[in-house]
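Listed below are the residues making up each chain.
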Amino acid sequence: MTDSLFSGTSRSAAPTHADGDAEHLPTASKRKESPGGWAAPVAAFEPDQFGSAANQTATNTEPARPGTRTYDETIQSYARIATTCAAIGAIIAAAVLIVWAAGIDSLVNVHTQLWIMHANTALAILLSAIAVLLIGNQDNRRREPGFFRPRTRLDLLIGTLGAAAATIGVLTIFEYAAGIKLGIDHALASVGPLGDENLIRGPSTVSTLMMTAIGAAIALSAWYGERIWAWVQMIAASTLLMSLMVLIADVYDTESIRNLSSPLGATVTSAVGFGLISIAVLLVRPLYGWMNLIAGEGNGSEATRRILPVVLFGIPVLGYVRLAAQNSGLIGTEVGLTLFAGATIVMTTVVVLWSAARINRHEDLQLISEAERDRARALVDGLVANSDAVISVQDPEGRFALINDAFERRYGVDREHAIGNRSYDVLDPERAFLLERLRNDVLARRNAAVEEMPADEAIDGKDEETYLTQLFPIVDDEGNLIGSGSIATDISERKRHEQLLQRLNDDLRHETDRAHDAIDELESFAHTVSHDLRSPLRAIDGFARIVAEDCQDVLEDRDRRYLDLVLQGAAEMGSLIDDLLEFSRVGRTELNVARLDMTKIAKEVNDHLSHERQGRDVRVTVKELPPAVADQRFIAAVFQNLLANAYKYSRKREVAEIEIGALEPDDGAPVTYYVRDNGVGFDMQYADKLFAPFERLHRTEDYDGSGVGLATVQRILRRHGGKIWAESKVDVGTTMFFRLD
Amino acid sequence: MDESDSILLVEDNADDIELAMLAFKRHGIADCVNVALDGGEALDFLRGRGRFADRAGAPNPRVILLDIKMPLVNGLELLREIKADQRTRKIPVVVLTSSRDERDVETAYDLGVNGYVAKPAGFSEFVDLIGLLKRYWLEVNESPPDSV
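Cut-offs applied
Residues numbered from 1 in each chain as written. Chains lettered and ligands numbered in written order. Predicted model: local features only at pLDDT ≥ 70, side-chain atom pairs only at ≥ 80, totals over all residues. Heavy atoms only, no water. Contact = heavy atoms within 4.5 Å. Buried area = accessible area lost by both parts, 1.4 Å probe. Salt bridge = Lys/Arg side-chain N within 4 Å of Asp/Glu carboxyl O. Polar contact = N/O pair within 3.5 Å; in protein donor to acceptor, adjacent residues only side chain to side chain. Helix = DSSP H or I, 4+ residues; strand = E, 2+ residues; numbered from the N terminus. Nonpolar A, V, L, I, M, F, W, Y, C, P; charged D, E, K, R; others polar. Axes fitted to C-alpha atoms, helices over the stretch in contact; angles between N-to-C directions. Left-handed = near helix turned anticlockwise from the far one by under 90°. Buried < 20%, exposed > 50% of the residue type's maximum accessible area, 1.4 Å probe, protein only. Core = buried A, V, L, I, M, F, W, Y, C linked by side-chain atoms within 4.5 Å. Parallel < 35°, antiparallel > 145°, perpendicular 65-115°, else oblique.

Explanation requested: the interface of chain B and chain A in the structure shown.
One frequently used descriptor of interface size is the decrease in accessible area upon assembly of the parts. At the junction of the two partners, chain B supplies 20 residues and chain A supplies 19 residues. Taken as a group, L19(B), S98(B) and A121(B) account for 28% of the area that chain B buries against chain A, more than any other trio of residues on that side. Between chain B and chain A we count three salt bridges in total. Inspection of the region where chain B meets chain A yields four residue pairs in polar contact (both at pLDDT 80 or more). Looking at which element gives the most residues to the side of chain B that touches chain A, the answer is helix 1 (residues 14-26) of chain B, with six residues. Residues of the side of chain B that touches chain A, tallied by class, amount to five nonpolar, five polar and 10 charged.

Here it is, written out as C-alpha cells:
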C-alpha cells in the first residue's frame, strides 16, 4: 500500500468485506480522503507533473469481484437511470407533440386521457429532457465552480435549453396574468380531436410552475456549476413532489386535485413527464449537492437509500389501501386513520431496524478490516522504525514523507523538522545534492527497478562508515509515480573485512612470490652445485682409473681393492648427481603437454630396460592403457623409474612377474595406472618415506639407488596435477599406482 | 701438413685439462692439441696475439673444443666473439661441458655452435667420447679451406 506512506488517514481503495452485496461494498472506502469527495476524481484534477493521470479516471481499475459492483459502477448506474428517465420523458413529450401535430386521431381516440398534455408543457419537457441527456453525456467529473460562466459550448447549449423551457413557463404565466394568447401552442399543434377548447384553456398552473422551475434549475446548473447543484436538486425534488402529488391524487381519485382547473390539477402524462425529468436531474450528478447524502458511500447514505423508498412509496400505498377500505365501507375514518398510523409506524420501524442491523454489521466488518489494516500498518511501521537501514521516502516533489529512527540518528535530523521538507532544508548541502542527483536520476528513468550505488559514491563516504544506498521510484497500482524510496545499509564492517581480506591476500601473494623466488634460487643452486660436483668427480674417476691401469703390476691386491672402491664411489656419486639433476629439471622445465599413447610409451621404456632382463626369467605384461594428456618425456621418466624399481626389487625371484595396467572407473573419475611386481615389497608403515628424496627402504648393499627416483616421479605427477601411491606386502610384491588429472 | 694446431681446447680446470690430454694421448692425437686456459687466451691464439704472437697468419684449427664454465670470458661469450669475427666464424666449435642445462644448449645453438657434447662423469666413457670426436672432426669431416 504505497499511498499510505503519504497520508496517515488514507484507506485502501479495495473493498475488503465479503458479503457479496454490491450496494454495500464500498462503505469502507476512501470517503475520508478528501472532504466531501472521491479520491480518484479529485486526484485526476490535481496538477500532475507527470501528466498521466488525467485520462485514467474513466477506467478505474479497482479489482472487481464476480457478482459484485464497485462503488464507481454504482455511481455510473445512477447516471444511467438519469439518462434513461430523461430519454423516456423526451419520448413521451415528443410522442405527444407528434401525435397532436400530425393529428393521428386513431391513436388519440383509443386512450384520450393519455394524450392530454398541453403543447407548451410537452415542449418544455422535451427541451429539459434533451438538456439532461446532454448533462449525462458530459464526463462525470467534478468541475471547478464558476460564476455565470459556461465553460464549454455544451454548457452553453444545456443552459440555453433549460432557459428556453423556463421561458415557455414564464411566458405561459404571462399569458395567464395578462389574459392574452401568445399562440405558442397553436404554432406547434394543429387542432386535434379535443378541439380548441382544451388548447385554448392552456396548461394547468402546476404544469406551468413545474416547467418554469425545472427549466430554471437546468439553466442554473449549466451556468453556475457544481455549487448550485444543491439548489438545482432542491428544485428538482420540489418538482418531483408536485408530480407525485398529482399522481397520488389521481390514484386516490381526489377530485379537487384532479380537476385541471384547480391549482393542483395536472394531467397524469404531464406529471409522469415532469416526474421523470425531476428524477433525471436528481440522479444525473449524484455526487453533487445533497444527493451525495443518498448516493454517497457512507453508512448514513446507505440507510437513506434503504429508508427513502419505503417512505416515498410505502406510505402512499398504505394511504391508498386505507382509502380503498374506507370507500368500500369496510372501516370508518377513525379506524382507517388508526390502522394507517399503526401500519406506517410498523413499516418505518421495521425498515429502520433492518437498516440499522445492516449498518452495524458493516461497521463490525469495517472495524475488523480497519484493525487488520492498523495491525499491518503497525508491523510495517515497526519494520521501518526498527531497521538498522537508513530509510526515507520522498514525495514526487522531493518532500520527505517518512524517515525512520536510523535516518534521524545518521543525519542528526529531527523527524518533526524533516517531514514535509526537502532534502536541502534537512541535510547538509553536499549530502542533499548527492541524494537529489541520485533521486532525479531514478525518477527520470521512472521504471528503473532499483538503483544501486555504493554509498561512498553516493551520499556517504566522508565518514569512516560506508553505506550502500538503494534509491527506487514508488508507483501506485496504476503506474503513477507517487514518490521515491531510499534505503541505505551500513556496509562499513563488510568493507573493512574486504579491505582486510585484500591486504591479507596481498601479503599472501607477496609471501608466495618470495617462496617461489626462494625455491627458484634453491633449484638453481642445486643445479649449479650438481654440475660443479661433476668436475672433481671426473678427476677422481679419471686419475684413479689411470693409476689402476698404469700401475696394475705394482699394486698390492689391497691397493687395487681400494682403488676399485674409489671408482665405485665415484660411479655412485655420478649417478646420484644425475638423479639430482633430473629431480631439479622436473621442477624447472615447462610442461609440454600432448595426448599420449600410454601403452606405447610403457612398451618402449620396457624395451630400453632389456639389460635388466639379462640372465633372468622375467615375465612382463603390458596391458592396454587408456591414453593420457601429459608431457611425454616426463611420463616416460615415470615408467622408467617404476619399471626399473620393479626389475630391481624382483631380482631375487626365480620367476619375476611385472604387470603394467590401468583401472578405469565407470563414473568418469581419472584413470589410475599401475606397475605391479612380485618383488620383496616393503612394510607399509614406512610408506610415507617412499617418496621423500634420499629416503630408502632397503639397504644399499641389497638394492642400490639414490632414493631420488620416486621423489622425482612424485614431482612429475604433482606437476601434472596427479598423484602416486603404493600398496605393498613384504615378500609378496609392490604395486605402484599413479593418476594424472 | 703441420697437424699440431688441429685442435684448440679451451678449458680452465687443470684436472680436466690433464684428463683430456690423457684421453687425447690414448688416441694418439695429444700433439695436435693446443690448450687455451680462458676465453682471452683462446682469442689471442686465434688472432696470433700475446702469448701466441708467433702464430700470426697461421691457419685456423680444424675444431675448437669449448668448455662453458670459465672465469672472465666464459665459453658462450667466447663463442659469440668467434662467430662474430669474419676470420674465425667458419671454424667448427663443439661445446664440451658438464652442463646439460637447456638454456645453455639453446644459447649455444643460437650463437651458431656446431656441436654440443656433455662430458660423461666416468673417465673411460670420456676416453670413448674423445675417440668419437677425433674420428668425426679430424677424419670424417671436411674442414673449411683455411684450416690446418
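After presenting the structure, the write-up continues.
So what exactly am I meant to see when it comes to the packing of helix 23 (residues 632-649) of chain A against helix 24 (residues 709-719) of chain A here?
For any two helices packed against each other, one specifies the crossing angle of their axes together with the interaxial distance. Residue and element names in this part refer to chain A. Taken N-terminus to C-terminus, the directions of helix 23 and helix 24 make an angle of 145°; their axes are 9 Å apart at the nearest point. Relative to helix 24, helix 23 is oriented so that their crossing is left-handed. Across the interface between the two elements, F634, A637, V638, N641, L642 and N645 from helix 23 touch G709, L710, V713, I716 and L717 from helix 24. Looking at the contact of helix 23 with helix 24 residue by residue, the classes come out as eight nonpolar, three polar and no charged.

What's the story with unusual backbone geometry in this structure? I'm lost.
As a rule of thumb, non-glycine residues mostly have phi less than zero, and peptide bonds are mostly trans rather than cis. Residues and elements named next belong to chain A. Even without being glycine, D731 reaches a positive phi, approximately 70°. Among the structural elements, D731 can be located in the loop between strand 11 (723-729) and strand 12 (733-739). Note on D731: relative accessible area 54%, which makes it exposed.

In this structure, what is going on with the nonpolar core? I would like to understand it.
What tends to happen in soluble globular proteins is that the nonpolar side chains get buried as a cluster. All names here are of chain A. Judged by nonpolar contacts, the single largest core of 56 residues is most densely connected at V132, I158, I214, I218, W229 and V281. Of all the secondary structure elements, the ones that give two or more residues to this core are helix 2 (71-102), helix 4 (119-137), helix 5 (153-178), helix 8 (205-224), helix 9 (229-252), helix 11 (268-284) and helix 12 (291-295). In terms of residues, this core owes the most to one element, helix 4, which gives 12 residues. Apart from residues no more than four positions distant in its own chain, W229 is found in contact with I135, S221, V281, V284, R285, Y288 and G289. With 39 residues, the next largest nonpolar core counts V605, L609, L625 and V675 among its residues.

Help me understand the packing of helix 5 of chain A against helix 8 of chain A in this model?
Residues and elements named next belong to chain A. Contact pair helix 5 / helix 8: the axes reach a minimum separation of 7 Å and the direction vectors enclose 155°. Between helix 5 and helix 8, the interaxial angle falls into the category roughly antiparallel. The handedness of the crossing between helix 5 and helix 8 is left-handed. The class makeup of the residues in the contact of helix 5 with helix 8 is 15 nonpolar, eight polar and one charged.

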